Amino acid sequence: MKLFAVGDLHLGHPTNREALHRIKARPDDWLILAGDVGETERHLDLAFDALQPKFKQLVWVPGNHELWSVASRGTALRGEARYERFVERCRERGVLTPEDPYPVAAIDGTRVRIVPMFLLYDYSFRPDHVPLDGAVAWAREAGIRCADEQFLSPAPFASRSDWCAARCDLTERRLEALDDGLPTVLINHWPLREELARLPRIPRFSLWCGTRRTEDWHTRFAARAVISGHIHIRSSRDIDGVAFEEVSLGYPKQWHGRIEPDDAVRRVRV
C-alpha cells in the first residue's frame, strides 16, 4: 500500500471541480486531503464522491476555508461547532479526521501511525519585535490582509490564538500518550515550522500560517513525513532527516496550464 496527499483543492472554483476527475485511481492506496477542500459541506461531498471510488481510504484535516462562516452561503454554524459538523460529515462518509483514533497502516511495507491534526495558528510567525496585539496592523502596513479576520470565527473561544492553544494542548497530549514506538506521518493544513511559512511576494502573510509551538514536533513525535498545504507553493524538503511535503493544488491561476491535477497528488514516502 502507498500513501498519497493533496491539499487546497478549493472546489468553490469550477476549474478545480473539473480537475478532480483528472486525478488517477489508486484503489489500493490511501489519500490525505490536507485541508481547504472548499467552504461548504457540498464541496466535501464533491471531493468524496470523486475520490472515494479511486482510493482505499481518505484522511481529511480542515483548512481555514472549511472554517469560514459566510452569510451569503447560508452558513449558520460558526467556529468549533462548524468544525464539528464537518467532522460529523466525514464520519458519515467513512473519512478519517483529527478526532478519530490515529490509525496504523503498512505503507510501503513499513508500519506507521497516520496522525491527522487540526492546530490552527496563533500569529506567532512574526518578528520578535512585533507584539501580538500589533501583529495584524503590522501585516496591514504592507497591504496584507487575510479573509480569516472576517470569516473565521473562533467561537466559543475568545480568539483564534486561544483556539489554537487548545488544539495544540489536546493534540500534544494525544501524541505524548502514544507508547508503541511507531514512526508517524504528521498531517496539518498549516505548516509546522516557521521557515516553511515564507511567501516571497507576501512575507507578512506568515501570521496566518501556523504556530511556533510545533517547531520540534517532527523530532519529538518520530515523524517520517510531515504533510501540509495552505502556502500554495508545492515543495519537498528534508529537515532533520524528515520529509516535509507541501502538497497544495491551489487556485486555478496557480496550476491551470502549468501542471496536470494528478501531478499535485504527492506520494508520501516513509
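Just above sits the structure.
This text gives an overview of the structure that appears in the document. (Residues numbered from 1 in each chain as written. Predicted model: local features only at pLDDT ≥ 70, side-chain atom pairs only at ≥ 80, totals over all residues. Heavy atoms only, no water.)

### Side note on the nonpolar core
- Core analysis: the largest hydrophobic core is formed by 69 residues, its most contacted members being Leu-31, Leu-33, Leu-51, Trp-60, Leu-120, Leu-186 and Trp-208.
- It is helix H2 (residues 41-51) that contributes the most residues to this core, five residues altogether.
- What Leu-186 contacts, discounting residues up to four positions off in sequence, is Val-115, Met-117, Leu-175, Leu-192, Trp-217, His-218, Ala-223, Ala-225, Val-226 and Ile-227.
- Counting residues in hydrophobic clusters, the runner-up holds 18 residues, among them Leu-3, Val-59, Ala-105 and Val-268. (Core = buried A, V, L, I, M, F, W, Y, C linked by side-chain atoms within 4.5 Å. Buried < 20%, exposed > 50% of the residue type's maximum accessible area, 1.4 Å probe, protein only. Helix = DSSP H or I, 4+ residues; strand = E, 2+ residues; numbered from the N terminus. Contact = heavy atoms within 4.5 Å.)

### What to know about the layout of surface pockets
- One number sums up the size of the largest pocket: a volume of about 690 Å³.
- What lines the largest pocket is a set of 26 residues, among which Leu-199, Ile-202, Ile-231, His-232 and Gln-254 lie closest to the centre.
- Partitioning the lining of the largest pocket into residue classes produces 12 nonpolar, six polar and eight charged.
- The calculated volume of the second largest pocket comes to roughly 210 Å³.
- If you go around the second largest pocket, you meet 16 residues; those closest to its centre are Leu-196, Ile-233, Ser-235, Arg-237 and Glu-246.
- Counting residues per element, the ones that place at least two in the lining of the second largest pocket are strand E7 (223-228), strand E8 (235-239) and strand E9 (242-246). (1 Å grid on protein atoms, 1.4 Å probe; cavity = no way out; pocket = protein on both sides within 12 Å on 5 of 7 lines; lining within 4 Å. Points joined across faces, edges and corners; volume = space filled by probe spheres on them. Nonpolar A, V, L, I, M, F, W, Y, C, P; charged D, E, K, R; others polar.)

### A short note on the pattern of salt bridges
- Tallying each qualifying case throughout the model produces 24 salt bridges.
- Between Arg-89 and Glu-92 there is a salt bridge; the shortest N-O distance is 2.4 Å. You can see Arg-89 and its partner Glu-92 sitting in helix H3 (residues 79-92), three residues apart, about one turn around the helix.
- Given a relative accessible area of 44%, Glu-92 falls into the partly exposed group.
- The closest approach of N and O atoms between Arg-237 and Glu-195, which form a salt bridge, is 3.4 Å. Residue Arg-237 is located in strand E8, and its partner Glu-195 is located in the loop between strand E6 (184-187) and helix H7 (217-220); the two are separated by 42 residues in the primary sequence.
- For Arg-237, a relative accessible area of 38% translates into the label partly exposed. (Salt bridge = Lys/Arg side-chain N within 4 Å of Asp/Glu carboxyl O.)

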